[in-house]
Amino acid sequence: MELGRKVERVQKVFKEAKKKFNPPREERMIKVELPEDEIPTSWYNIQADLHKCGMKLPFPTGPGMANLPLIFPPSLLSQELTKDRWVKIPEELMEIYRIWRPTPLYRCKRLEEYLKTPARIYCKSEYVSPPGSHKPNTAVAQAYFNMKDGFEGVTTETGAGQWGSGLCFGAALVGIKCDVFMVRVSYYQKPGRRVMMESWGGRVVPSPSAPPERIYEDMVTETAKKALAEDPNHPGSLGWAISEAIEHALKKPYPLNYSLGSVLNHVLMHQTIVGLEAYKQYELIDEYPDIIFGCTGGGSNHCGQAFPFIKDKLDGKKPDLRIVACEALSCPRLTRPKYIGYDTGDTIGYTPHIWMHSLGCDFVPAKIHAGGLRYHGMAPLLCVLIYSGYHEAQAFPQTEIFEAGRILSMTEGFLTAPETCHCWTGAIREARRCAETGEEKVIHVADSGHGWVDVRGYDEYLKGKLEVLL
Ligand SMILES: Cc1ncc(COP(=O)(O)O)c(C=O)c1O
């Protein structure tokens, strides 16, 4: 009897050692990669399935509707409205996507070990794109369709500069111009981003500003004058910068259109190329996420990664799938909205009134380092899912998100963007919870970008000088 137990124990030790030193292939894998010819050739349009959550997408309304055909090319307007489930990606665009796609799906074992969690943590990393984030997935598409419809340029707003640099990159690749209104506080906090945009041929000005700070005369706007009359040291906000860019697009100093980096249906649809790739990557290793975390500025990164999985939930195939939108505690549109209903997408009111969770279009957020999460509203498609209970949201303070970023850089080596640190915070909290309960959950993180030009926030955090900014 005693001998039998000893043999059993020895066998168990051998089995564990074998597993540790010669684990099965799927256990060994760190990077799940797709071959280039597996890049999805159509985007997924959730509008075809959204009604299954029990609610329809409320239609935009108000005087701003008249501006839409004046600031968007016909092809993108039709993508905004289509109910087709799959929208084909033109081959010329596929050729551009192949520069950095498919992106890897990583298994974060070192982070798991650090957290002593039985959960398996995966992240789909969009920082491998040349501008370093998910933004080029829609930027190249928007630049491409503008060029195809005969326009010579695009104009936009940018917060932290990720969207602006994505669009300048996209415009350069399809051979059109790009004018960017960059939120003033970020323009001075992140000079590296401005240089990136200018290197891709963009013209960048702080928003709001006036000459001589506004260096290009044809980019002077009435909107900026109004904002500066309110406060000569106005820090700027995405709401004001959007108004500036739309005014510029309406004035058309040359044939150009407005381009938005998030919120709109077609933008979220372009980003689904990421989630569709991730779906195939999970199939390769026979896994499926139990919970998905993505940070949300206007919702495009998170929805792009989550929508192909949410389709399974809407179809009743994965009723227990949890999806969590992660936002900044100082800009809590989803967790503490001022109201849920119709609001304009910009401060002046050039855009239509869109149905969303909002902090009010005149909201000027705290100067957090995650500039891309400082928007007052949220993508209506995501708001419908949250409102109907299909989706969750969590908010995190600035100090906790930089601690998550520090843990990630010390374990996996990724120096991630402050925006992206929000979804890592959610994932780390969940993995720690699993460590307590023993649950072997599969946690997916929608990793939207690197933080190489956002190091000032890390610097303040590491020196203990970071403001909490609740
Ligand atoms: C790295 C990164 N992640 C996420 C976001 C949030 O935007 P969205 O919700 O549209 O993905 C931004 C916005 O600038 C960003 O730069």
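Calculation notes
- Residues numbered from 1 in each chain as written.
- Predicted model: local features only at pLDDT ≥ 70, side-chain atom pairs only at ≥ 80, totals over all residues.
- Near = placed C-beta within 6 Å.
- Helix = DSSP H or I, 4+ residues; strand = E, 2+ residues; numbered from the N terminus.
- Nonpolar A, V, L, I, M, F, W, Y, C, P; charged D, E, K, R; others polar.
- Domains from an automatic or database assignment.
- Buried ≥ 20, exposed ≤ 12 C-beta atoms within 10 Å, placed from the backbone.
- Pairing = 2+ DSSP bridges.
- Axes fitted to C-alpha atoms, helices over the stretch in contact; angles between N-to-C directions.
- Contact = placed C-beta atoms within 7 Å.
- Expected span 1.5 Å × (residues − 1).
- Bend = angle between axes of the 7 residues up to and from the residue.
- Parallel < 35°, antiparallel > 145°, perpendicular 65-115°, else oblique.
- Left-handed = near helix turned anticlockwise from the far one by under 90°.

Colleague: I'd like a rundown of the site of the ligand, residues and numbers included.
Modeller: Contacts to the ligand come from 21 residues, most closely from Gln 162, Ser 262, Gly 297, Gly 372 and Gly 449. Where the shell around the ligand is concerned, the elements lending two or more residues are α8 (162–174), α14 (300–314) and α17 (418–437). Among the elements that line the shell around the ligand, the one with the most residues is α14, at three residues. Taken together, the residues of the shell around the ligand sort by class into five nonpolar, 15 polar and one charged. Here the shell around the ligand gathers at least three residues from each of two domains, domain 1 (91–132 + 264–462) and domain 2 (136–258).

Colleague: Explain the environment of Gly 175 to me, and be specific about the residues and the numbers.
Modeller: Structurally, the position occupied by Gly 175 is in the loop between α8 and β7 (177–183). The class of Gly 175 is exposed, set by 10 C-beta atoms lying within 10 Å. Taking the C-alpha atoms as reference points, Gly 175 and Gly 360, 185 residues apart in sequence, are found 37 Å from one another.

Colleague: Talk me through the sheet that holds strand β4 (residues 105–107); I want residue IDs and the actual numbers.
Modeller: Within a sheet, each strand pairs with its neighbour through backbone hydrogen bonds, oriented either parallel or antiparallel. With mixed pairing, seven strands are arranged side by side in an open sheet as β1-β4-β5-β15-β10-β11-β14. The open sheet has two free edges, formed respectively by β1 (31–32) and β14 (392–396), since each of these has just one partner strand. Note: β1 against β4, two bridges, orientation antiparallel. Within β4, the residue paired with Val 32 across the bridge is Leu 105.

Colleague: Summarise the sheet that holds β7; cite the residues concerned and give the values.
Modeller: Pairing is parallel in the open sheet, where four strands are placed in the order β8-β7-β6-β9. Because the sheet does not close on itself, it has two edges, and the strands there are β8 (203–207) and β9 (256–258). Pairwise comparison of adjacent strand axes, ignoring direction, gives a mean angle of 20° for this sheet. Contacts from α8 reach β6 (153–158), β7 and β8 within the one sheet, and its direction differs from that of β6 by about 165°.

Colleague: I'd like to hear about helix α13 (residues 265–284), residue by residue, with values.
Modeller: Taking 1.5 Å of rise per residue, 20 residues should cover 28 Å, and α13 covers 29 Å from first to last C-alpha, within 8% of that figure. Gln 271 marks the point of greatest bend in α13, at about 30°. Counting buried positions along α13 gives 16 out of 20 residues, so the element sits mostly inside the fold.

Colleague: Account for unusual backbone geometry, naming residues and giving values.
Modeller: The residue after Ser 207, namely Pro 208, is reached through a cis peptide bond having omega 0°. Examined against the element boundaries, Pro 208 turns out to sit in the loop between β8 and α11 (222–230). A cis amide bond, omega 5°, links Pro 211 with the succeeding residue Pro 212. With respect to the helices and strands, the residue Pro 212 is situated in the loop between β8 and α11. Despite not being glycine, Lys 252 has its phi angle at roughly 45°, a positive value. Within the fold, Lys 252 resides in the loop between α12 (238–251) and β9. In this model, Asp 286 sits at a positive phi of 60°, which is unusual for a non-glycine residue. On the secondary structure map, Asp 286 appears in the loop between α13 and β10 (291–295). When the 7 C-beta atoms within 10 Å are taken as the criterion, Asp 286 is described as exposed.

Colleague: A description of the domain arrangement of the protein chain should follow, citing residues and the corresponding values.
Modeller: Here the domain parsing of the protein chain yields domain 1 (91–132 + 264–462) and domain 2 (136–258). Between the C-alpha centres of domain 1 and domain 2 the distance comes to 24 Å. Facing the 34 residues of domain 1 at the interface are 31 residues of domain 2. If you list the elements that add at least two residues to the side of domain 1 that touches domain 2, you get α5 (91–97), α13 and α14. If you tally residues by element for the side of domain 1 that touches domain 2, the top one is α13, at five residues.

Colleague: Explain the environment of Gly 236 to me, and be specific about the residues and the numbers.
Modeller: Looking at the element boundaries, Gly 236 is found in the loop between α11 and α12. Distance from Gly 236 to Cys 423, taken between C-alpha atoms, is 25 Å for residues 187 residues apart in sequence. Excluding residues that lie within four positions of it along the chain, Gly 236 makes contacts with Val 183, Arg 184, Val 185, Ser 207, Pro 208 and Ala 241.

Colleague: Outline the packing of helix α4 (residues 74–81) against α13, listing residues and values.
Modeller: Remark: α4 packs on α13, axes separated minimally by 8 Å, with the N-to-C direction vectors making an angle of 85°. By the criterion of interaxial angle, the relationship of α4 to α13 is roughly perpendicular. Counted together, Leu 76, Gln 79 and Glu 80 of α4 and Asn 265, His 266 and Met 269 of α13 form the full contact between these two elements. Class assignment for the residues of the contact of α4 with α13 results in two nonpolar, three polar and one charged.

Colleague: Which residues make up the packing of α8 against helix α10 (residues 191–199), and what are the values?
Modeller: The N-to-C vectors of α8 and α10 enclose an angle of 15°; their axes lie 8 Å apart at closest approach. Relative to α10, the element α8 lies roughly parallel. You can see that α8 and α10 cross each other, and the crossing is left-handed. The residues of α10 that touch α8, namely those facing Gly 164, Ser 165 and Cys 168, are Arg 193, Met 196 and Met 197. Within the contact of α8 with α10, the residues separate by chemical class into three nonpolar, two polar and one charged.

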